[in-house]
Structures are given as C-alpha cells and as structure tokens.
Amino acid sequence: MKIKAMLVDDEINIVRNLEKIIPWEAMNIELIGTAANGAKALDLAREGKPDLILSDIRMPVMDGIELLRQLRESGYEGEMIMLTGFQEFDYARSAVKYGARDYILKPIDYEELQLVIERTAAGIREIKVNELKETARWRELSELAYEKILLDLLMDYTSFPLHRLREEGDRSWLDQRYWMLLVDLDDYSQIARQDERERKLVHFAVRNVLQDALSPELAEYAVLLTREGEWCVLIPLPVTGPSGAAMAAGAASSERLRTWSEQVQQAVERYVKLSVSVGVYPSPLAAEELADAYRKVQRGLQLSLENRHILIHEQTAGTDATGSSFWGLADGLATGLTQGDSAKIEQTLEELGRSIKEAGGHNSMRAEQMLHFLCLHLLREMRSVGLLGSSQEQTVWAKLEDSLNVKELVECVHLLIRECQQVSTGRRKSPELLMASARDYIQKHVARDLGVEELAQHLGISNSYFSLLFKQHHQETFLEYLTRERMELAKSLLLHSDKSVTQIGKLAGYAERRYFTKVFHKYEGMTPTEFRERAKPGVAELETEEEAADGV
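It should be emphasised that the depicted structure is a prediction, and the values quoted were computed from it without experimental measurement. (Residues numbered from 1 in each chain as written. Predicted model: local features only at pLDDT ≥ 70, side-chain atom pairs only at ≥ 80, totals over all residues. Heavy atoms only, no water.)

Q: Run through the side chain of Ser-403, naming residues and quoting values.
A: In this fold, Ser-403 is placed in the loop between helix H16 (390-402) and helix H17 (406-427). Looking at Ser-403, its side chain comes within polar contact range of the main-chain oxygen of Lys-399, at 2.7 Å. Setting aside chain neighbours within four positions, we find Ser-403 in contact with Glu-408, Leu-409 and Cys-412. (Helix = DSSP H or I, 4+ residues; strand = E, 2+ residues; numbered from the N terminus. Polar contact = N/O pair within 3.5 Å; in protein donor to acceptor, adjacent residues only side chain to side chain. Contact = heavy atoms within 4.5 Å.)

Laid out in structure tokens, this is it:
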C-alpha cells in the first residue's frame, strides 16, 4: 500500500539530500511536494493530504510547531517527524503534546532517519488496513439494513413504521426515488421442480449476476429476492432537492431503462444459461410508492405470458378484461388460502367458474393460458408461505403437466387448493404455525410494550406453554428475541434516518431514552450515537452529552 509524504525545511540542501538519500520508492512512499516554511506547507498539506510529514522546527513565516498545531486543529490525522538542531531539543519535545510521531536531531543520521520513517510508515499502513476493514464491515452492515428496509417497503410489510416516520416530519424517505426493474425467470416451472439445494444455487447465481450486470454504469443499486424466481432491482436516483430536476430528467429515460433491461437479460443468459423477462416501471418511485408499483409491474409481467420479454408498465394499461379478472382471482385464492378463509375460497372459485365460461365463449386458448398462469402463480405463492409440502407440490406439478384443456386445468386448481387446505388444517395448532403467528405478531407490534401474556392470549395457549415453545423453537427467550428485533430495527433507523436517538428509541419500543441507550449499549457494546457516528461521522455532540449523563 503506497502512502504519501511531504518535506518541509527552509534549507534547500537538506531537502535535496532527503529527496535523494532516503529510498522513498523502495519504501513504497510517494513524495507529493516540498515547502520552505510552515505557511506554504499548510496549504500544500490541505490540498495533498499527505500521510507523513518531515518538518524542520525553526523556519521563517511559520515554524514547525505552529504548522503541527494548525494541522491538528484542522483535523489532520497523519504522522509528523520533526527535524531539529541540538540546541532546540527541549523545544522539539514540546511538539509531542501536538502529536508529533518522533524527532531527529541535526546533523541528520540518514540511516537512523530511514529506520524511523520505515517504522512510522508501517504504523500508517496498519491503521489504513484496519480502517479499510472497518469501513467494509460497516458498509456491509449498512447494505444489509438498507436492503431489509427496502424489502419491507416493497412487500408492504407492516413491521417498518414508515407512516410514523412521515407523521413525525422525516422527509428523507420521500426525497429518495428509485427506478424499478422486475426480473422473472421464464423457466421457473422447470427450476421449481428441482431439489432445494439446486434451486438455492440457481437463485444465488442469478442474484450475483444481477448485482454485477449494471455495475459498469451504475455505482449502486439493490437486488432483492421477492419470491422464488423473481428479483426486484431498485436503482436510486440522485436527490436534487425540491426542484425535482432528477425526476424530470428521469421521465424521458425509457430508452435507458430498456437498455438496462437488455443488459440484465444478456447477463443472465450468458452466465447462468437461463432466460428472464423484465418488467419496468417507467417513472421514478418514492419509497411509499414501491409496494403498489411492484404489484402493478408483477401483474403485467405475469399476464404477458411471453418469454424473454421486456414490458414497460404503461404498455399494460389496456390489458384485456380476462387477464385482469384472472389476476384478481389469483390474488383472491392466495389470500383465502394463506388466511384459511374457506368462504373466500369458495366465493373466488365460483367467480372463476363464471370467468371460464365467459372466456371460453370467446377464446378458449386464452382461458387455458390464464388457468395455467393461475396454477403457476398459486404454486409460487403457496411455496413462499409454506402451505405446500414437497410431496403435495409434486402431486400438483404432475397434474399440471398432464392438464391440456380447460377442464383438466380447473381440476388442477382444485387439487392445489385441497392440498393447501390439508396442510393448513394439519398445521393449524402445530408448534410451527403457532410460532409463525407469534413472529408475525411481534413484527407488527414491535414498538409496543409486548409481554408473554399478550402473545399467549393472542395464540390461545397458556403463558407457560408459550414460553416453553418459544425457547424450544428459537433457542432464546421471548424477551431476548424481542430485544434483538428491536435492536435490529433501531440500527436500521440509526443508519438510514436522521431521527434523534430519543425518537428512534420510541419507534423501537422504548419510551425512555435512558433505558433504550443502556439496552443498546449492552447489546452492541456502544451507545446509539457511537454506532451512528461510525457510519455517519459528524453526529451532534448533544446526544453524546446526553448519553454521558445517562451513565453509559
């Protein structure tokens, strides 16, 4: 790792000797300049930001001690080696209080100086390596938190209190806008029938390709797995203030969006040997608009029934009534199955029968296509929520493969529903289903004062059974789990919002800032402000003073 150095001395011969005698290049040190006094050195240092400065002490205009003092006051964190005559020895020692690394007496012993430089350079490199590691760790943490928040917004999960952030005046989420590309595997039906390990490998490979496909052109974007065989690519636009210039410029970027979509298709086909279709939302989206836009693009993409297709959302505005009807039926059946609502399922099946009769009188092939889509959509949705076991799923797939006409496809839909209902009935009071319900309840009410009694009552079981069941399934107590969920939410808000520690504590379920700070410190080994400061330098000193008053 190369570091930068600067020489400061009013004696030109000493500067020349330092340049020639010290093997800078062999030590992987770049000399970025020289200066004859402290004033010129100060300007050069502010511009060049050297890691190491060798400076004489006694110089005209500004001496070395004053140079070092002003550098430290301006935030300079590099190292400084002082060069001084014997009679200035005591004076040189005073430089230590300003953080001088070492001092060398004149006349200079160049062998000794080289050893000091090598030792100092090694320390600088070690600090830089540690800083890079720390930066990488915080970047990874920040990206994970950022992607979790985006996925919550995209899927319209209620665990992230976006409405509360808006109510309290935090406009940062509304200022950030995103382009949206929805990538869907054309051969999902084939991939879905592979075993779990092979499916995971395919999804891992596709996601890696998507993360690199646009990187030559885009500095950052998020790739989110929304369900099996489907990824949402969110590309942030630069925030340009209330003028909305970025959004206006983006409105005319349909060609760029199509180019990105083609790059995605080509990358997946080249590296994973699979074809994908891409749905595009043509306008930049605020965070609060992501969920609705995602559903719209997904609907249009699924109803297109074409492979390797690029579909701009506006082009789907005139989708035929049959397609829209089938999409509504698919949503209705999925909701009824996940909620265990038999009445809703029966009502939706009756509507399905009527729609098939109407479609059959006009275009039986279209009805067959839509029924096939309905089966595929339900298979993907039910797998994602765990309402189909592997044996039940294989039964449905086998039936679907043999279904060639409308009647057989309708039978396949009914078979899928029966299999899901059997799984749901068998798990209704199972520990797995109880714990899934408990986790969902905790996510929705994480900011409240939750207790074992409330959860047990919600599930319809005793307090003791709930506590035992929770510990068996999560290998931690309910309180430990709740604290971890709250801390993860708090870390996300500290990294991605400008709210105060007090406000974030309340959003994470802690009414008192002092208690929130103590819990956070115990969990992370640092205060909330220190956590934020590492990722976002420059946090106001007030919060640090408040935490000190809390005794943390």
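After that view, the rundown keeps rolling.
Q: Residues and numbers for the confidence of the model for the protein, please.
A: Per-residue pLDDT for the protein has a mean of 80; in total, 81% of the residues score no lower than 70. Per-residue pLDDT, averaged within each element of the protein, yields its smallest value for helix H10 (residues 245-250) (43) and its largest for strand E1 (residues 3-8) (94). Note that pLDDT drops below 50 for residues 163-171; the model gives that stretch 17 contacts with residues more than four away or on any other chain. The model gives residues 240-252 a pLDDT under 50, and that stretch makes 9 contacts with residues more than four places away or in other chains. (pLDDT = per-residue confidence, 0-100.)

Q: Hey, could you go over the pairing of strand E3 (residues 52-56) for me, with residue numbers and the actual values?
A: Within E3, 5 of the 5 residues are buried, which leaves it mostly tucked inside the rest of the structure. With burial as the criterion, each face of E3 is covered, one bearing Leu-52, Leu-54 and Asp-56 and the other bearing Ile-53 and Ser-55. Of the strand pairs in this sheet, E1 and E3 are connected by 4 bridges, and their pairing is parallel. In the sheet register, Met-6 faces E3, and the bridge partner there is Ile-53. (Buried < 20%, exposed > 50% of the residue type's maximum accessible area, 1.4 Å probe, protein only. Pairing = 2+ DSSP bridges.)

Q: Requested: an account of the packing of helix H18 (residues 431-444) against helix H19 (residues 452-459), with residues and values cited.
A: It is at 10 Å that the axes of H18 and H19 come closest, and there the two elements cross at 125°. In terms of orientation, H18 lies oblique with respect to H19. As H18 runs across H19, the sense of the crossing is right-handed. The segment H18 lies against H19, with Leu-434, Met-435, Ser-437, Ala-438, Tyr-441 and Ile-442 engaging Glu-454, Leu-455, His-458 and Leu-459. Among the residues forming the contact of H18 with H19, the class breakdown is 7 nonpolar, 2 polar and 1 charged. (Axes fitted to C-alpha atoms, helices over the stretch in contact; angles between N-to-C directions. Parallel < 35°, antiparallel > 145°, perpendicular 65-115°, else oblique. Left-handed = near helix turned anticlockwise from the far one by under 90°. Nonpolar A, V, L, I, M, F, W, Y, C, P; charged D, E, K, R; others polar.)

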